[in-house]
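# Working through the structure, step by step
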Amino acid sequence: MEVSEKIEVLMEIIHCTCPLDYWLYAPDGTLIRSTSDTEHMLDVILKRTECFAYLRSTIERTPVILAGKRNVRWIAVKQERGGEITAYHILGPFLSSSIPDGGADLLVPEQSKNYPQQWIQRLTEILNGLSIIPIQSFTQYAVILHKLVNEELVPESSVHHQPIPTPHQYPSTAKANKKAQIKDRMLVYLAEQQLLHAVKEGDTDSAAAASLMAKNQVGRIREYTGDPLLNYKIACTTFIAICVRAAIEGGFSPSRAYPIGDNYIRKIFQATNPEYIAELKNHMYFDFVSYVHELRVNPTYSKAVQSCCDYIQLHPAEALSIEFLAGRLGYSKYYLSALFKKETGCSIGDYIKIARVERAKVLLASTNINVESIWETVGFSSRSVFGKAFHSVVGMTPREYREQKLRL
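So, here is what we can say about the structure in this document. (Residues numbered from 1 in each chain as written. Predicted model: local features only at pLDDT ≥ 70, side-chain atom pairs only at ≥ 80, totals over all residues. Heavy atoms only, no water.)

### What to know about the overall build of the chain
Condition: Helix numbers and strand numbers start at the N terminus; a helix is a DSSP run of H or I with at least 4 residues, a strand a run of E with at least 2. Note on exposure labels: buried denotes an accessible area under 20% of the residue type's maximum, exposed denotes more than 50%, and partly exposed covers the range between, all computed with a 1.4 Å probe on protein chains only. The contact rule is simple, with two residues in contact once any of their heavy atoms fall within 4.5 Å. Residue burial considers only the protein chains on display, and all accessible areas are found by Shrake-Rupley using a 1.4 Å probe.
Within the chain, the secondary structure is distributed over 18 helices and six strands. Out of the 408 residues belonging to the chain, those deemed buried represent 46%. Considering only contacts in the chain between residues 6 or more positions apart, those separated by 24 or more positions represent 64%. Looking at the chain as shown, the accessible area adds up to about 20,800 Å², and 53% of this sits on carbon and sulfur atoms.

Shown next as structure tokens:
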């Protein structure tokens, strides 16, 4: 069977779960053929985000995961015959995780900004419609494609990952004075609390909004060994362990959580490059957030009440009211109020108060925002109202809560 016929079979199998396009390029970069309906636009993205240039510059014979801006990825395999590259086989594009709201426009290459607005809008629509493929799947696709093209079976851990546009660097391990080290560790602790709260609550919105700074802080490591790659593996596996515990605290079954965490740790220690490890760590994090989120969606709640709960949880700092929520959902405030009380056992007003207090707890434990200022950040009308509400829910004052957390 010819290579082209084998690839057609592979594409049929892949299309059973997600749509992906196939691209065949000549060694000089000329596009020979593709299955894409918008091949010109996506060819621009592949070449002008430096993905294709990186592919041609690498010396690796193993499959390569090309990383465009944000979360856009491509699977690439070099076809070799007699030691010479005869073609490039590429699958994609796809997303490694969702694009944040408004993020698709940033994927447009700078050189394309002078394109007609209609062209850019169409490209944005295409990018927003890409499939999200987990790392376990796209690394497997890479291994299979390499086997079909070069008749060589390679392990998943050998798949090479292009560094993301913001170049990956091992966290700094420079020596600092004792005071700076204490400050550094506090920053790491606060960053961890932000990320772990999203796991415990299954809060996909907070997870997606987690700052790049928080992720970088958690990834920072010290010199456990003389091997920088091994140091990074140790730091990431430590993060996996605390994410597993956070998911369990959020209600996820230990019998499921531990094997999932162990599987990620196993893959990380088999990995040979930091980009692949970073991908694994990010997928692990969002996997656990999603697992807990699924548990938090109460199947006994009606659609109206679940929508109401979700909105309050995601927007606690807004000026929320029964009238606003009822109008947003298309119900009378009397009907929604009665239905909410019946299904949840508490009033909408109490639910809003609790949601705001929970958000305040996160800020108290994971940031250095002044206690006297937090009431505004989480949506309370005054400092005194915040203090009374916090004490009624938590059993202590905001300041006492922060001091308790810092002592742990």
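### Some thoughts on the environment of Q306
Mapped onto the secondary structure, Q306 falls in helix α12 (residues 303-314). By relative accessible area, Q306 is classed as buried at 11%. Separated by 34 residues in the primary sequence, Q306 and F340 place their C-alpha atoms 9.1 Å from one another.

### Things to note about a nonpolar patch on the surface
Heads up, the rule is: Patches in this entry comprise residues that are over 30% relatively accessible and not in a salt bridge; like charges within 9 Å are linked, as are nonpolar side chains (Val, Leu, Ile, Met, Phe, Trp, Tyr) within 5 Å. We count a salt bridge whenever a side-chain nitrogen from Lys or Arg sits within 4 Å of a carboxyl oxygen from Asp or Glu.
Together, M1, V9 and I13 make up a nonpolar patch on the protein surface, roughly 330 Å² of accessible area in all. Its location among the elements puts M1 in the segment before α1 (3-14). On the basis of relative accessible area, M1 is assigned to the exposed category, the value being 68%.

### What about the side chain of S158?
The following threshold applies: Two N or O atoms form a polar contact when they lie within 3.5 Å of each other; inside protein one atom must be a possible hydrogen donor and the other a possible acceptor, and for residues adjacent in sequence the pair counts only when both atoms belong to side chains.
By the element assignment, S158 lies in the loop between α5 (135-150) and β6 (160-161). Only 2.7 Å separates the side chain of S158 from the backbone oxygen of P155, close enough to count as a polar contact.

### Observations regarding the sheet that holds β6
What counts is decided by this rule: Strand pairing requires that DSSP identify at least two bridges connecting the strands. The axes used here are C-alpha line fits, helices contributing only the stretch in contact, and every angle between their N-to-C directions lies in the interval 0 to 180 degrees.
Strand order in the open sheet formed by six strands is β2-β1-β5-β4-β3-β6, with mixed pairing between adjacent strands. Either end of the sheet is taken by a strand with one partner, and the two such strands are β2 (31-34) and β6. When strand β3 (residues 64-67) meets strand β4 (residues 72-81), the two strands line up antiparallel, connected through four bridges. Among the inter-strand pairings, V64 is bridged to a residue of β4, identified as A76. Against the sheet, α1 touches β1 (22-25), β2, β4 and β5 (84-95), its axis set at about 10° to β5. Along the sheet, helix α2 (residues 39-48) makes contact with β1, β2, β3, β4 and β5, crossing β1 at roughly 65°.

### Section: unusual backbone geometry
Between G92 and the following residue, P93, the backbone shows a cis peptide bond with an omega angle of 0°. Mapping P93 onto the fold places it in strand β5.

### Describing the environment of C308
Following the sequence through the fold, C308 ends up in helix α12. Spatially, the C-alpha atom of C308 lies 6.8 Å from that of L325, the residues being 17 residues apart in sequence. Discounting residues that sit within four places of it in the chain, C308 has contacts with L325, L329, L336, F340 and I348.

### Quick look at the environment of T397
Here T397 lies in the loop between α17 (383-394) and α18 (398-407). Taking the relative accessible area as the measure of exposure, T397 reaches 30% and is therefore partly exposed. When the C-alpha positions of T397 and F386 are compared, they lie 9.6 Å apart, and in sequence the two are 11 residues distant. Discounting chain neighbours no more than four positions away, the residues touching T397 are F390 and H391.

### Quick notes on the packing of aromatic side chains
Which entries qualify depends on this criterion: Centre distance within 6.5 Å is the pairing criterion for rings of Phe, Tyr and Trp, where only the six-membered ring of Trp is used; planes under 30 degrees apart are then read as stacked, over 60 as edge-to-face, and the remainder as tilted. Charge over a ring is defined by NZ of Lys or CZ of Arg lying within 6 Å of the ring centre and within 35 degrees of the ring normal.
In this structure the tally under the stated criterion is 15 aromatic pairs. Between Y25 and F52, the aromatic rings sit 4.8 Å apart at their centres with planes inclined by 50°, giving tilted as the arrangement. Here Y25 is found in strand β1, whereas its partner F52 is found in helix α3 (residues 51-57), with 27 residues between them in sequence. Classification of F52 by relative accessible area gives buried; the value is 5%. With centroids separated by 5.7 Å and ring planes inclined at 50°, the aromatic side chains of Y311 and F324 adopt a geometry described as tilted. One end of the pair, Y311, is in helix α12; the other, F324, is in helix α13 (residues 322-329), and 13 residues separate them in sequence. By relative accessible area, Y311 is classed as buried at 11%. Put simply, the rings of F380, F386, F390 and Y401 pair up and form one aromatic cluster. If you follow K47 out to its NZ or CZ, it ends over the ring of F52, 5.8 Å from the centre. Sitting over the face of the ring of Y291, R256 holds its NZ or CZ atom 5.6 Å from the ring centroid.

### Thoughts on the state of the cysteines
Counted only if it meets this: Here, two cysteine sulfur atoms that lie within 2.5 Å of each other are counted as a disulfide.
Summed over all chains, the structure comprises zero disulfides. Counting only cysteine sulfurs, C309 is the nearest neighbor of C346, a cysteine outside any disulfide, at a range of 7.6 Å. On the basis of relative accessible area, C346 is assigned to the buried category, the value being 17%.

### What to know about the pattern of salt bridges
Scanning the entire structure with this criterion turns up 12 salt bridges. In this structure, D43 engages K47 in a salt bridge whose closest nitrogen and oxygen atoms are separated by 3.5 Å. With a gap of four residues between them, D43 and K47 both fall in helix α2, about one helical turn apart. A relative accessible area of 14% places D43 in the buried class. Notably, a salt bridge pairs R399 with E372, separated by 2.5 Å at the nearest N-O pair. Here R399 is found in helix α18, whereas its partner E372 is found in helix α16 (residues 371-377), with 27 residues between them in sequence. A residue is classified by how much of its surface remains accessible, and E372, at 27% relative accessible area, is partly exposed.

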